[in-house]
Amino acid sequence: DDTVREAAAQAVVRMSPETAAMIDQGSIPKGDVLATAKIAAIMATKRTPDVLPLCHPIAISGVDVETDLKLHLGLLEICVTVRSVGKTGVEMEALTGASIAALCVYDMCKSLERGIVIEKVILLAKSGGRSGNWVWK
């Protein structure tokens, strides 16, 4: 049966505090990094079946993208939450959205700092379906 499905994934991007400050100030030459990364995440969730073999298209009812820029640490946390009503989960859509948002940040900032690192991409939580709820420890 169709059930309400939700999944949240996070990507963490490490950079210098100077680059993080430039993102925060909106002074990256390519433009508004956080706004562009959010758009990239939303677009990526909808295109997941185009880049992952055997991942079938699903109707996505909502995508939320939150960013937390920790200036002094040079860290950007990107959290993507995807919702759907259907027969399959949205974990891959959330993970794809977080991954592509992180790649977007790298692309927009690489001219200033080549050593930016996408440290981790993890599933934070999922709900719905036969397997029920799951939360990262």
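Residue numbers restart at each chain and count upward from 1, following the sequence in its written direction. Local features are withheld for residues below a pLDDT of 70 in this predicted model, meaning they are given only at 70 or higher, and side-chain atom pairs are given and counted only at 80 or more; totals for whole chains, interfaces and linings count all residues. With hydrogens and water excluded, all non-hydrogen atoms of the structure serve as input to the side-chain values.

A. Fine view of the overall build of the protein. Here a strand is any run of E in DSSP of at least two residues, a helix any run of H or I of at least four, and the numbering for each starts at the N terminus. For the protein, the helix and strand inventory stands at 3 helices and 5 strands. Sequence-ordered secondary structure for the protein, helices as α and strands as β, is β-α-α-β-β-α-β-β. On C-alpha atoms alone, the protein measures out to a radius of gyration of 16 Å, which is about the 14 Å that the 2.2 N^0.38 rule sets for 137 residues. Projected onto the principal axes, the alpha-carbon positions of the protein cover approximately 50 × 30 × 20 Å. Taking all 137 residues of the protein together, the buried fraction comes to 42%. In the protein, once contacts between residues fewer than 6 apart in sequence are set aside, the share between residues at least 24 apart is 72%. Per-residue and other accessible areas follow the Shrake-Rupley method at a 1.4 Å probe size, with only the shown protein chains counted as cover for residues. Roughly 7500 Å² of accessible area belongs to the protein as shown, and the carbon and sulfur atoms make up 57% of that amount. When charges are counted, Lys and Arg are positive and Asp and Glu negative, with His and the chain ends excluded. By convention, charge coordinates are those of NZ in Lys, CZ in Arg, CG in Asp, or CD in Glu. Of note, the protein has its 15 positive side-chain charges centred 5 Å away from the centre of its 16 negative side-chain charges. Every radius of gyration here is taken over C-alpha atoms, with the globule rule written as 2.2 Å times N^0.38, N being the number of residues. Each residue is placed in one exposure class: buried if its accessible area under a 1.4 Å probe, protein chains only, is under 20% of its type's maximum, exposed if it is over 50%, and partly exposed if it falls in between. What makes two residues a contact is simply this: any of their non-hydrogen atoms within 4.5 Å.

B. Fine view of the environment of Lys137. With respect to the helices and strands, the residue Lys137 is situated in the segment after strand S5 (134-135). Given the relative accessible area of 92%, Lys137 is considered exposed.

C. Region of interest: a nonpolar patch on the surface. Patch membership is restricted to residues that have no salt bridge and whose relative accessible area is over 30%. Joining uses 9 Å for like charges and 5 Å for the nonpolar side chains Val, Leu, Ile, Met, Phe, Trp and Tyr. Put simply, a salt bridge is a Lys or Arg side-chain nitrogen that is within 4 Å of an Asp or Glu carboxyl oxygen. On the surface, a nonpolar cluster with roughly 280 Å² of combined accessible area is contributed by Ile100, Leu103, Ile118 and Val121. Looking at the nonpolar patch, the elements that each hand over two or more residues are helix H3 (91-109) and strand S4 (117-127). Within the fold, Ile100 resides in helix H3.

D. Structural context of the pairing of strand S1 (residues 3-14). At least two DSSP bridges between two strands are needed for those strands to be called paired. Sheet topology places S1 next to strand S3 (residues 75-86); 12 bridges connect them, and they run antiparallel. Looking at S3, one finds that Ala7 is bridged to Val82. Note: S1 against S4, 9 bridges, orientation antiparallel. Residue pairing across strands places Val13 opposite Ile118, the latter belonging to S4.

E. The pattern of salt bridges, seen in detail. This model, assessed by the stated rule, comprises 8 salt bridges. A salt bridge links Asp2 to Lys87; its shortest N-O distance comes to 2.9 Å. Residue Asp2 is found in the segment before S1, and its partner Lys87 is found in the loop between S3 and H3; the two are separated by 85 residues along the sequence. Given a relative accessible area of 47%, Asp2 falls into the partly exposed group. A salt bridge links Lys110 to Asp107, with the nearest nitrogen and oxygen atoms 2.4 Å apart. When salt bridges that share partners are traced, they join Lys30, Asp107 and Lys110 into one network.

F. Focus on the sheet that holds strand S2 (residues 60-70). Judged by pairing direction, the sheet is antiparallel, and its 5 strands sit side by side in the order S2-S3-S1-S4-S5 without closing on themselves. The outermost strands of the open sheet, each flanked by one partner alone, are S2 and S5. Across the sheet, helix H2 (residues 33-51) is in contact with S2 and S3; its angle to S2 comes to roughly 145°. Inter-axis angles, ranging from 0 to 180 degrees, are taken between N-to-C directions of lines fitted to C-alpha atoms, where helices are fitted over the stretch in contact. Here H3 sits on the sheet in contact with S1, S2, S3 and S4, set at roughly 25° to S1.

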